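Examining the three-dimensional arrangement
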Amino acid sequence: MSENRKVKKAEYDVVVIGGGMAGICAALASARHGARTALVHDRHVLGGNASSEIRMHICGASENLAKPELEESGILHEIMLDNKSRNDYFNYSIWDMVLFTAVKSQPHLTVYLSTAMEDCRMEGNEIREIDAYQLTTETHWQIRGNIFIDCTGNATLGYYAGAEYRTGSEGRAEFNEPDAPEQANNDRMGNTLLFKAVDRGHSVNFKRPKIARHFTEEELKYRTHSAVHEAKTKGDVDKAYLRMTSYSTSSVDYGYWWIELPSKTEDIIDEYEEIRDELVSCIYGVWDHLKNGGDHGAENYDLEWVGMLPGVRESRRLVGDYILNENDVLSNRVFEDAVAYGGWAMDIHTPGGLYDFDELPSRVVSFDGAYTIPYRSYCSRNIPNMMMAGRNISATKMAMGSTRVMGTCAIGGQAAGTAAALCIKYHCGPKDMPEHMNELQQLLLKDDCYIPGYRNTDPQDLARTAQISATSAREGFTPEKVINGVSRDENGIRNMWSSDGISPEGETLTLKLASVKKVSQVRLTFDSNFNYPIKITLSKKRQLQQRIGVPPELVKDYTVTLWRGEQKMAEQKVTENDQRQNVVTFEPTECDKVTITIHTTNGEKDVHIYEVRVYS
Ligand SMILES: Cc1cc2nc3c(=O)[nH]c(=O)nc-3n(C[C@H](O)[C@H](O)[C@H](O)COP(=O)(O)OP(=O)(O)OC[C@H]3O[C@@H](n4cnc5c(N)ncnc54)[C@H](O)[C@@H]3O)c2cc1C
């Protein structure tokens, strides 16, 4: 070993490995709840498959507007709204900055970019320390921690630690999963490179590179590959399949997700570099086919961007204290230890990927509603101080076909990070969390997460016993709805107060507390209207569904006042709000009444508020 080798040491309460959407949300949640947290990420930019390097758009339980009530809220929504407020043109450099700012400005969080975790040290069956190499600073980091969260996608930390894991599909009988294959197998969905092409308004040549593979029309017959969108589908294709975004938005502005290659051997991770090389050959080969292989309406199209870092769909899944399976998904199961949920269809791709020329690229098992994901699916079965979040959670291949979308990964990350911080607070390990399950679930709801079947029952919330009134209300949107425990629309029920217009003095919501209390925090959940998508996306179709700027329904300028009788005790004014959840803090102030006066929204004519909470 060289004597110039630079080694540095660091120590944290919680160490999160992997800065995809799951890792970002896990690290932010952990740090926000006071745990000294590290986020170790091997790339220069954050976001994993949603990063500027890969550019997949974030989907989730709402299935791209098919189930809008199920949109993910919490930290993910906050990040997406921040992006929405400053990135009208879907610019990935701005998105990089939004993610960078979110983690870099978070107190208690240290971010190690360009730092690859390469090993770990155990004490008994617990992980004590990881080794990581930071490429940019030639530094070997030794990072100790109490709790580790594996958000690497590939379950790399778990693999090094000797955690139990699975690959491929379970056989049908193991969990009685109706759509699992009869026999277990090691098929894994493949890796993909995306691209973006733009119309230059005039003819653009494409000179075929030497490395490009040749594709025929016959080979691509089941894969949409025309700049004018002519989807060819098998006659017996399931209708739900056509509903899936990923199929219908496979277009030249967004890249072809079906340029997908699995491994030839048992280990898709070991083969990553070879697969990348072949994907490069395929992506340029498909583009050559579009440009030079007959009329595909691509005459004026030009490649603006081509990825070089393949996104990974499937590798290892860590085995946890519970393995989520297809029956849980189909039955919309509500677990006692539910901490997250999913709603995306079980989307399983054909095993040979692009080279399965006679197969549709993906098979989709759709279902109505949402299932919950138990806390136990985020805890390793045999490594007591390791949790996981992202596509590597404890689920069968069928269930993972749904949980793998990044919205679901992100809310699972927030749940895992919050749980890890609670473990630090109680000096316990992840496996002791069931004792604190109610607190964990309530904390997640307080932080604007959603858990189907659960509502605010937080005894600390002084708003729950307050008398509520408002200066005006539209029919069906009574002021009391702000304390009904559900901070979004659910099963068609509108759970918000809406004023009837906004008078020149503003509209005021009044909470008369049950008795005089010291108040130090008022939490407000506004309406960001889940019926409109807000994600960053390359897809023109998805971009056109969006409204420019901040959702107009969001309250913009407002004042929160604490009163004792008719005497004003404290006041906070908030301006230019562009977030769904707002937390307004005060020096602890004795009061018996809280008023919220809304002066303006971001465009909507009425004031919309889903929830108000008041804390000492
Ligand atoms: C082509 C393609 C299309 C898809 N389409 C969609 C879609 O439209 N919408 C959707 O929501 N989902 C989509 N998915 C699925 C989704 O992108 C993944 O399931 C999801 O990204 C998994 O999230 P994650 O946070 O677990 O992993 P990732 O997004 O992969 O993030 C993990 C991060 O950890 C880092 N990391 C890994 N190992 C280490 C290490 N040793 N040290 C430090 N850091 C490490 C990686 O660099 C990576 O950035 C698609 C996937 C692919 C491949």
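On a predicted model such as this, the values are computed, not experimentally measured, just so you know. (Residues numbered from 1 in each chain as written. Predicted model: local features only at pLDDT ≥ 70, side-chain atom pairs only at ≥ 80, totals over all residues. Heavy atoms only, no water.)

Another aspect to go through is the overall build of the protein. For the protein, the count of helices and strands is 13 helices and 26 strands. Relative to the 2.2 N^0.38 estimate, which gives 25 Å for 616 residues, the radius of gyration of the protein is 25 Å and therefore close to what a compact globule would have. Overall size of the protein, expressed as C-alpha extent along the three principal axes, is 80 × 60 × 55 Å. In the protein, of all internal contacts separated by at least 6 residues, the share reaching a separation of at least 24 is 75%. Accessible surface for the protein amounts to roughly 24,000 Å². Of this, 48% is attributable to carbon and sulfur atoms. (Helix = DSSP H or I, 4+ residues; strand = E, 2+ residues; numbered from the N terminus. Rg over C-alpha atoms; globule rule 2.2 N^0.38 Å. Contact = heavy atoms within 4.5 Å. Areas by Shrake-Rupley, 256 points an atom, 1.4 Å probe, with all protein chains shown as cover.)

This brings us to the site of the ligand. Around the ligand sit 33 residues in total, of which Asp-42, His-57, Cys-59, Arg-404 and Met-406 are the nearest. A distance of 2.7 Å separates a nitrogen atom of the ligand from a polar atom in the backbone of His-57. In the model, an oxygen atom of the ligand is placed 2.8 Å from a nitrogen or oxygen of the Cys-59 main chain. Looking at the shell around the ligand, the element that brings in the most residues is strand β5 (residues 115-123), giving 3 residues. Each residue belonging to the shell around the ligand can be placed in one class, and the counts come to 15 nonpolar, 13 polar and 5 charged. (Near = heavy atom within 4 Å. Polar contact = N/O pair within 3.5 Å; in protein donor to acceptor, adjacent residues only side chain to side chain. Nonpolar A, V, L, I, M, F, W, Y, C, P; charged D, E, K, R; others polar.)

Of all hydrophobic cores here, the largest spans 145 residues; its most connected members are Met-21, Ile-130, Met-387, Leu-511, Tyr-558 and Val-612. Per element, the largest residue contribution to this core is 12 residues, and it comes from helix α11 (residues 406-425). Tyr-558 has contacts with Leu-524, Phe-526, Gln-572, Lys-573, Val-574, Asn-577, Asn-582, Val-584, Ile-596, Thr-597, Ile-598 and His-599, leaving out every residue within four places of it along the chain. Counting 28 residues, the second largest nonpolar core, distinct from the first, contains Leu-220, Ala-227, Trp-258 and Tyr-301. (Core = buried A, V, L, I, M, F, W, Y, C linked by side-chain atoms within 4.5 Å. Buried < 20%, exposed > 50% of the residue type's maximum accessible area, 1.4 Å probe, protein only.)

Even without a glycine there, the phi angle at His-108 is positive, about 70°. Mapped onto the fold, His-108 is located in the loop between α3 (92-104) and β4 (109-112). Judged by its relative accessible area of 47%, His-108 falls in the partly exposed class. We note that Ser-114 has phi near 55°; this positive angle belongs to a residue other than glycine. Position of Ser-114 among the secondary structure elements: in the loop between β4 and β5. Relative accessible area serves as the criterion here: at 8%, Ser-114 is assigned to the buried category.

In this model helix α1 (residues 21-32) runs 16 Å from its N-terminal to its C-terminal C-alpha over 12 residues, within 8% of the 16 Å that 1.5 Å per residue would give. Those residues of α1 that sit buried are Met-21, Ala-22, Gly-23, Ile-24, Cys-25, Ala-26, Ala-27, Leu-28, Ala-29, Ser-30 and Ala-31. Following α1 by one or two positions, Gly-34 adopts a phi angle in the positive range, close to 95°. (Expected span 1.5 Å × (residues − 1).)

Turning next to the packing of aromatic side chains. Taken as a whole, this structure holds 13 aromatic pairs when the rule is applied. Centre to centre, the rings of Tyr-322 and Phe-335 are 5.2 Å apart; their planes meet at 65°, and the pair counts as edge-to-face. Residue Tyr-322 is found in the loop between β14 (317-318) and α9 (326-330), and its partner Phe-335 is found in the loop between α9 and β15 (338-342); the two are separated by 13 residues along the sequence. In this structure, Tyr-322 and Phe-335 share a single accessibility class: buried. Both rings, one in Phe-367 and one in Tyr-371, keep their centres 5.9 Å apart while their planes meet at 55°; by these two values the pair is tilted. On the basis of relative accessible area, Phe-367 is assigned to the buried category, the value being 6%. Assessed through its relative accessible area of 0%, Tyr-371 is described here as buried. Every member of this aromatic cluster is reached through a ring pair, and the members are Phe-195, Tyr-256, Trp-258 and Trp-287. Its guanidinium or amino end placed over the ring of Tyr-450, Arg-488 lies 4.0 Å from that ring's centre, counting from NZ or CZ. Over the ring of Tyr-532 we find Arg-547, and its NZ or CZ is 3.7 Å from the ring centre. (Phe/Tyr/Trp six-rings, centres within 6.5 Å; stacked < 30°, edge-to-face > 60°. Lys NZ or Arg CZ within 6 Å of the ring centre and 35° of its normal.)

For the rest of this paragraph, the subject is the state of the cysteines. Counting across every chain of the model gives 0 disulfides. Its sulfur unpaired, Cys-59 is 11 Å from the next cysteine sulfur, which belongs to Cys-409. Owing to a relative accessible area of 10%, Cys-59 belongs among the buried residues under this scheme. Free cysteine: Cys-423, not disulfide-bonded; nearest cysteine sulfur from Cys-428 at 4.3 Å. We classify Cys-423 as buried; its relative accessible area is 1%. (Disulfide = S-S within 2.5 Å.)

Our next topic: the confidence of the model for the protein. Looking at the protein, the pLDDT average stands at 94 and 96% of residues meet or exceed 70. Note that pLDDT drops below 50 for residues 230-249; the model gives that stretch 52 contacts with residues more than four away or on any other chain. (pLDDT = per-residue confidence, 0-100.)

Right, let's talk about the side chain of Ser-402 for a bit. Mapped onto the elements, Ser-402 comes out in helix α10 (residues 397-403). Sequence-distant contacts of Ser-402, that is, excluding residues within four places in its chain, are made with Gly-343, Trp-344, Ala-345, Met-346, Asp-347, Phe-367, Tyr-371 and Thr-408.

The next thing to look at is the pattern of salt bridges. Overall, the coordinates contain 44 salt bridges when judged by the stated rule. For Arg-276, the salt bridge identified is with Glu-273, shortest N-O distance 2.7 Å. Of the two residues, Arg-276 and Glu-273 both sit in helix α8 (residues 272-292), 3 residues apart, roughly one turn of that helix. Looking at Arg-276, the relative accessible area reads 17%, which means it is buried. Assessed through its relative accessible area of 44%, Glu-273 is described here as partly exposed. (Salt bridge = Lys/Arg side-chain N within 4 Å of Asp/Glu carboxyl O.)

A word on the sheet that holds strand β3 (residues 37-40). If you walk across this open sheet you meet the 5 strands as β4-β3-β2-β8-β19, and the pairing is parallel. Edge positions in the sheet fall to β4 and β19 (386-388), since each of these pairs with one other strand and no more. Neighbouring strand axes in the sheet, compared pairwise and without regard to direction, differ in orientation by 20° on average. Each of β2 (14-17), β3, β4 and β8 (147-150) is contacted by α1, which is oriented at about 165° to β3, the strand it contacts most. Packing against the sheet, α11 makes contact with β2, β8 and β19, and its axis sits at approximately 175° to β8. (Pairing = 2+ DSSP bridges. Axes fitted to C-alpha atoms, helices over the stretch in contact; angles between N-to-C directions.)

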